[in-house]
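What follows is the residue order along each chain.
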Amino acid sequence: MRCSLIVIVLRTVISLGIVLLTVPGLRAQAAGGTSSSSNVSLPGPQNPFLGSAPEGKVTSDILQIDFKGAIDRGLRNNLGLLLASDQSQIARGEKWKQLSELLPNMSVHGQEDVQTTSLAALGLKPSVFHAPLPTVVGPYNYFDLRANLSQSIFNFKSLEKERAAAESVKAAQFSYKDAREMVVLAVGNSYLQAIAASARVETTEAQVKSAQALFNKASDQQKAGLTPAIDALRSQVELQTRQQQLIVARNDLAKLKLNVARIIGLPPGQEFVLTEKAPYQALTALTVDAYLQRAYASRADYQASLAQVRSAELSRKSAAAGRYPSIDVNANFGDIGVTPSQSNGTWQVNGGITIPIFAGNRVHGDVLQADAQLKQARSQLGDLRGRIDYEVRTALLDLNAAAEQVEVARSSVDLAEQALAQSEDRFSAGVADNLEVVQAQESVASAHESYIQSLYFHNLSKVELAHAIGNAEDGVKRFLKGNQ
């Protein structure tokens, strides 16, 4: 049960972390451009999937990191995965502890005792029948070297505990696999955000150049007396607005690259570049039922939850077995005597049966607790099955909507750039002022921002779909290329 609760907490934390990582992009989209975010660090537990144990030392080289390389580094160094590995080891240790109750227990004990005894302390009088007795007798020796063996012949409670621990190990192994899936989700989201920010910087740089050209032309025409001063002022405001957005975009990119470095475990201060560009490949989705069948068969968290239910069922049987008799055998063999040279071999074997009669309702209390844990495990399994259905359907809806947004945004970029070219021609011909050009530049900037955001959401939807069906580690690379 503890392992299942840990998995639920970790999945909730990573989901919240991804939402928080996405907020700057959503805010930028709403503003029609880039926007810097001021994050305040509040005390509280860190999302382990947003941290890592840094690998290696800082080098002077600039690392080239593609999407696959980022995922591979994350799967080696991400903190959430390292913690999940530790939980799996804890579960294996618990299994061995329960197994030890069924295996023979052997020990060797040796002792040599030299002592004196006070007869007076034992209450003996100094003389008996007028015969004097010593106050203290000794010293005398006592030696015993003995091997002990104990073996449980039949203990149904210990047997069921060991079987329950074995199921917990399986659940921990599935949880570790699920943690790998969540690392891919976290790395994929951060990488896609960073390359979206990089594309935003490139488009903003182009907009700065366009605004600079407009300002230069308006200034020249003002000096020549062809346009009023308001045109030059208007174009200067537009230029400075684009320059400010470029500063914000570069700052956001730098921070998002830091997020990538933290998640994949780069050493602090290591310079690197992300070699991937924002890709777009249409993905022909399968039916919902086909994806659901994959999810129920492949989702590691679902398999872990099934194993937790089986473990809880066995734990319930173990609790009820507290009413059953148990049979044990104990044996020992060794030498005993005054000294090792004056000792004799002795041995003893005894077997016994223990039949519980009354234990103060302890077994009843154990059964009540086991019933509650079993009910919780089954409820969590039912909830998880419904959540998988929700996540698969949501990912498909997002994927289809994002694909449509990409097509619309791409068309909007073409139309906005055509409108900008025509407005620039009209301004150059003197038939319109530069207000029309400035408005067209705003439309181009907004169209590019919408296109970048739609690409990001489309690719993120692919990552989320791969995670929803339990195939993120292998499937996300194929999905981004448009392959099933």
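Residues numbered from 1 in each chain as written. Predicted model: local features only at pLDDT ≥ 70, side-chain atom pairs only at ≥ 80, totals over all residues. Heavy atoms only, no water.

**Digging into the confidence of the model for the protein chain**
For step 1, the next point in the chain: A residue-level look at the protein chain finds 88% of positions with pLDDT of 70 or above and a mean pLDDT of 84.
For step 2, the next point in the chain: Under a pLDDT of 50 for its full length, residues 1–38 has, in the predicted model, 76 contacts with residues more than four places off or in other chains. (pLDDT = per-residue confidence, 0-100. Contact = heavy atoms within 4.5 Å.)

**Regarding the environment of Val349**
For step 1, the next point in the chain: For Val349, the position within the fold is in strand β8 (residues 342–354).
For step 2, the next point in the chain: The spacing of Val349 and Leu149 is 200 residues in sequence and 9.3 Å in space, taken between C-alpha atoms.
For step 3, the next point in the chain: Sequence-distant contacts of Val349, defined by excluding residues within four places in its chain, comprise Asn330 and Ala331. (Helix = DSSP H or I, 4+ residues; strand = E, 2+ residues; numbered from the N terminus.)

**Observations concerning unusual backbone geometry**
For step 1, the next point in the chain: One non-glycine residue, Asn361, adopts positive backbone phi at about 65 degrees.
For step 2, the next point in the chain: Structurally, Asn361 can be placed in the loop between β8 and α8 (362–429).
For step 3, the next point in the chain: For Asn361, a relative accessible area of 53% gives the class exposed. (Buried < 20%, exposed > 50% of the residue type's maximum accessible area, 1.4 Å probe, protein only.)

**A short note on the packing of aromatic side chains**
For step 1, the next point in the chain: Under the counting rule described, the total for this entry stands at 4 aromatic pairs.
For step 2, the next point in the chain: Each ring, one from Phe67 and one from Tyr191, has its centre 5.4 Å from the other, and the planes form 85 degrees; the classification is edge-to-face. Remark: Tyr191 occurs in helix α4 (residues 156–223) and Phe67 occurs in helix α2 (residues 67–77); sequence separation between them is 124 residues. Assigned by exposure class, Phe67 and Tyr191 land together as buried.
For step 3, the next point in the chain: Measuring from centroid to centroid gives 5.1 Å for Tyr456 and Phe457, while their planes differ by 55 degrees, and the two rings are tilted. Of the two residues, Tyr456 and Phe457, neither departs from the other in class, the shared state being buried.
For step 4, the next point in the chain: Between the NZ or CZ atom of Lys257 and the centre of the ring of Phe272, over which it lies, the distance is 4.9 Å.
For step 5, the next point in the chain: Across from the ring centre of Tyr296, 3.9 Å away, lies the NZ or CZ of Arg385, which sits over that ring. (Phe/Tyr/Trp six-rings, centres within 6.5 Å; stacked < 30°, edge-to-face > 60°. Lys NZ or Arg CZ within 6 Å of the ring centre and 35° of its normal.)

**Some points on the pattern of salt bridges**
For step 1, the next point in the chain: This structure, assessed with the given rule, holds 23 salt bridges.
For step 2, the next point in the chain: Residues Arg387 and Glu391 are paired through a salt bridge, measuring 3.7 Å at the closest nitrogen-oxygen approach. Here Glu391 and Arg387 lie together in helix α8, a separation of 4 residues that amounts to about one turn.
For step 3, the next point in the chain: Since its relative accessible area comes to 26%, Arg387 is described here as partly exposed.
For step 4, the next point in the chain: The network of salt bridges with shared partners includes Arg299, Asp301, Arg387 and Glu391. (Salt bridge = Lys/Arg side-chain N within 4 Å of Asp/Glu carboxyl O.)

**Quick notes on the side chain of Asn77**
For step 1, the next point in the chain: With respect to the element layout, Asn77 can be found in helix α2.
For step 2, the next point in the chain: Within polar-contact distance, the side chain of Asn77 engages the side chain of Glu55 at 3.1 Å. (Polar contact = N/O pair within 3.5 Å; in protein donor to acceptor, adjacent residues only side chain to side chain.)

**Examining the sheet that holds strand β2 (residues 105–118)**
For step 1, the next point in the chain: If you walk across this open sheet you meet the 4 strands as β2-β5-β7-β8, and the pairing is antiparallel. Where the open sheet ends on each side, the last strands, each with one partner, are β2 and β8. The average angle at which neighbouring strand axes cross in this sheet is 20 degrees, direction not considered.
For step 2, the next point in the chain: Here 11 bridges tie strand β5 (residues 136–154) to strand β7 (residues 326–339), and the two strands are oriented antiparallel to one another. Note that in β7 the partner of Asn148 across the bridge is Asn332. (Pairing = 2+ DSSP bridges. Axes fitted to C-alpha atoms, helices over the stretch in contact; angles between N-to-C directions.)

**A word on helix α7 (residues 300–320)**
For step 1, the next point in the chain: With 21 residues, α7 extends 30 Å from end C-alpha to end C-alpha; this agrees with the ideal 30 Å at 1.5 Å per step.
For step 2, the next point in the chain: Among the 21 residues in α7, 15 count as buried, and that is most of the element. (Expected span 1.5 Å × (residues − 1).)

**Some points on the environment of Ser450**
For step 1, the next point in the chain: Along the chain, the position of Ser450 falls in helix α9 (residues 435–468).
For step 2, the next point in the chain: The spatial distance from the C-alpha of Ser450 to the C-alpha of Gln405 is 8.5 Å, given a sequence separation of 45 residues.

**Examining the nonpolar core**
For step 1, the next point in the chain: By size, the foremost hydrophobic cluster in this structure holds 68 residues, and its most contacted members are Ile65, Leu274, Val392, Leu465 and Val476.
For step 2, the next point in the chain: Of the residues forming this core, the biggest block, 18 residues, is contributed by α4.
For step 3, the next point in the chain: Sequence-distant contacts of Leu274, defined by excluding residues within four places in its chain, comprise Ile65, Tyr191, Ala194, Ile195 and Val260.
For step 4, the next point in the chain: Judged by nonpolar contacts, the second largest core, of 11 residues, contains Leu214, Val413, Val437 and Val438. (Core = buried A, V, L, I, M, F, W, Y, C linked by side-chain atoms within 4.5 Å.)

**Here we look at the packing of α2 against helix α10 (residues 472–480)**
For step 1, the next point in the chain: At a minimum axis distance of 11 Å, the contact between α2 and α10 shows a crossing angle of 165 degrees. It follows that α2 is roughly antiparallel to α10 by the angle criterion. α2 and α10 meet at a crossing whose hand is right-handed. Of the residues in α10, those in contact with Phe67, Lys68, Ile71, Asp72 and Leu75 of α2 are Glu473, Val476, Lys477 and Leu480.
For step 2, the next point in the chain: Here the residues of the contact of α2 with α10 are counted per class, giving 5 nonpolar, no polar and 4 charged. (Parallel < 35°, antiparallel > 145°, perpendicular 65-115°, else oblique. Left-handed = near helix turned anticlockwise from the far one by under 90°. Nonpolar A, V, L, I, M, F, W, Y, C, P; charged D, E, K, R; others polar.)

**Regarding the pairing of β5**
For step 1, the next point in the chain: Across 13 bridges, the pairing between β2 and β5 is antiparallel. Within the sheet, the bridge partner assigned to Asp113 lies in β5 and is Tyr142.

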